[in-house]
Amino acid sequence: MKHLRLVPILAFVAVFAAACGSSDSAPKSVPSDAIAVVGSDTISKDEYNQVLNQAKRSYAAQKKPFPKAGTQVYGALRAQVIKFLVERSEYSQKAKDLGVKVTDKDVEDRLSQVKQQYFVNPPGQKPASKSQIDQRYNAQLKAQGLTDQDVKDGIRAQLLREKLYNEVTKDVKVSDDDAKKYYDDHKQQYQQPGQPESRTVRHILVKNEALALSIYNQLKQGGDFTKLARKYSIDPSKSSGGLLTVCKEKTVSCPLKTVAPFEKTAFALKTHEISKPVHTQFGWHVIQALAPVKAATKSGSVPFDQVKPAIKQQLVQQKKQDEMTSWWNDQKKKFAKTTAYQTGYEPPATSTTQNTTT
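Residues numbered from 1 in each chain as written. Predicted model: local features only at pLDDT ≥ 70, side-chain atom pairs only at ≥ 80, totals over all residues. Heavy atoms only, no water.

**Here's the deal with helix 8 (residues 209-220)**
Part 1 of the argument: Compared with the 16 Å implied by 1.5 Å per residue over 12 residues, the 16 Å span of helix 8 between its first and last C-alpha is a close match.
Part 2 of the argument: Listed in full, the buried residues belonging to helix 8 are Ala 212, Ile 215, Tyr 216 and Leu 219. Projection of helix 8 onto a plane perpendicular to its axis shows the buried side chains occupying an angular sector of 105°, all on one side.
Part 3 of the argument: Looking at the packing, one finds that the buried side of helix 8 touches strand 4 (198-206), helix 9 (225-232) and strand 7 (283-289).
Part 4 of the argument: For helix 8, the N-terminal capping position is held by Asn 208, with its side-chain oxygen 3.3 Å away from the main-chain nitrogen of Ala 210.
Part 5 of the argument: Downstream of helix 8 by a residue or two, Gly 222 has a phi angle that is positive, lying close to 100°. (Helix = DSSP H or I, 4+ residues; strand = E, 2+ residues; numbered from the N terminus. Expected span 1.5 Å × (residues − 1). Buried < 20%, exposed > 50% of the residue type's maximum accessible area, 1.4 Å probe, protein only. Arc of directions from axis to C-beta. Contact = heavy atoms within 4.5 Å. Polar contact = N/O pair within 3.5 Å; in protein donor to acceptor, adjacent residues only side chain to side chain.)

**Structural notes on helix 5 (residues 130-144)**
Part 1 of the argument: Under the 1.5 Å per step criterion, the end-to-end length of helix 5 is 21 Å for 15 residues, consistent within 8% with the ideal 21 Å.
Part 2 of the argument: Taken together, the buried positions of helix 5 are occupied by Ile 133, Asp 134, Tyr 137, Gln 140, Leu 141 and Gln 144. Each buried residue of helix 5 sits inside an arc of 125° when the element is viewed along its axis, so together they form one side. Looking at helix 5, the residues exposed on the side facing more than 90 degrees away from the buried face are Gln 135 and Lys 142.
Part 3 of the argument: Positive backbone phi, approximately 70°, marks Gly 145, located one or two places after helix 5.

**Quick look at the sheet that holds strand 5 (residues 243-247)**
Part 1 of the argument: Judged by pairing direction, the sheet is antiparallel, and its 4 strands sit side by side in the order 5-4-7-6 without closing on themselves. Two strands bound the open sheet, and with one partner strand each, they are strand 5 and strand 6 (278-280). Averaged over all pairs of adjacent strands, the angle between their axes in this sheet comes to 45°, without regard to strand direction.
Part 2 of the argument: As judged from the 6 bridges shared by strand 4 and strand 7, these two strands associate in the antiparallel manner. The partner of Val 206 across the bridge, within strand 7, is Trp 284.
Part 3 of the argument: Each of strand 4 and strand 7 is contacted by helix 9, which is oriented at about 50° to strand 4, the strand it contacts most. (Pairing = 2+ DSSP bridges. Axes fitted to C-alpha atoms, helices over the stretch in contact; angles between N-to-C directions.)

**A word on the pattern of salt bridges**
Part 1 of the argument: Tallied over the entire structure, the rule returns 20 salt bridges.
Part 2 of the argument: The partner of Asp 104 in a salt bridge is Arg 156, with the nearest N and O atoms 2.6 Å apart. Here Asp 104 is found in helix 4 (residues 104-118), whereas its partner Arg 156 is found in helix 6 (residues 148-168), with 52 residues between them in sequence.
Part 3 of the argument: On the basis of relative accessibility, which here comes to 55%, the residue Asp 104 falls in the exposed class.
Part 4 of the argument: A salt bridge links Asp 185 to Lys 181, with the nearest nitrogen and oxygen atoms 2.8 Å apart. Separated by 4 residues within a single helix, Asp 185 and Lys 181 lie in helix 7 (residues 176-185), roughly one turn from each other. (Salt bridge = Lys/Arg side-chain N within 4 Å of Asp/Glu carboxyl O.)

**Observations regarding unusual backbone geometry**
Part 1 of the argument: A positive phi angle, close to 55°, is found at Lys 63, a residue other than glycine.
Part 2 of the argument: In this structure, Lys 63 sits in the loop between helix 2 (45-61) and helix 3 (72-97).
Part 3 of the argument: We classify Lys 63 as exposed; its relative accessible area is 76%.

**Some thoughts on the pairing of strand 1 (residues 34-38)**
Part 1 of the argument: The buried fraction of strand 1 amounts to 5 of the 5 residues, a majority that puts the element mostly inside the structure.
Part 2 of the argument: Relative to strand 2 (residues 41-44), strand 1 runs antiparallel, the two being bridged by 4 bridges. Bridge pairing links Val 37 to Thr 42 in strand 2.
Part 3 of the argument: In sequence, strand 1 turns back onto strand 2 through a hairpin of 2 residues, with Gly 39 there showing a positive phi of about 60°.

What follows is the structure, encoded as structure tokens:
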């Protein structure tokens, strides 16, 4: 819970205002009780004050002094609030144009997911009750100076952007040919090193031969290998029942190359066969082969069919991001022609060609 930060998630969230469709006409004059006119929407000073007051509550909850009016920090915060309100209005208007809606149920479902992600008990503990989860959630709201409505409004804005993104990018597709071209152009990314001969085994290591023989006899009579390994083995692998993957050569992906007597026995056993005690410099081993010997492989390219799904997913995400960025930059340019600010609320000059994500 201590890692949950609702303020960054919500940016600066106030009441999510309903908006009418956008217009391509010149902006009308800004009313005295408003800070801006964006397309066909008017952003009131009350909305501006609501967001600013929310920021003040958050500062107070964190025991931080709120920036003083006239300072550079206050100016930056003020500009951020105005930018947030303008973009919220723009997104709202475009959502209506495209028939994109967020229902109360959508918001409640997402809030439930947030609560289940951050406010439940850790694995292995008794599940937290709904009352406990709600208490923790409310305590976190208080700690950050937020209200439940603040969170819901933030979720609504987030969902609206997600749905707009999905609507704008719904026709983006990547063909097998696109994926193959990417694979051919980036083959260095899909190289796999050669692998030495290897085998999965398990073993029990003890200090003396007599104990090793006793364990061997117990295993031959049906004893539980895992239980005996955990009880007697002095090797760190005892926690996993003695499980090891041994290799004939040491590599990054197969770092375990055992001493010669162990290796010779491990690779000579039939699958599931248990060895008689094997002596090495570490003590006495009882070894069981769990799988056939895995043949060595040569280095080379990972076959295209193995990586095609991952490549297509990567390319789809990139094409969607590019599509959304291009679309949003076009919308920002159009809105710039139909946006006017109240004197004293003009934002610093910025470029309209900025990246946009969901």
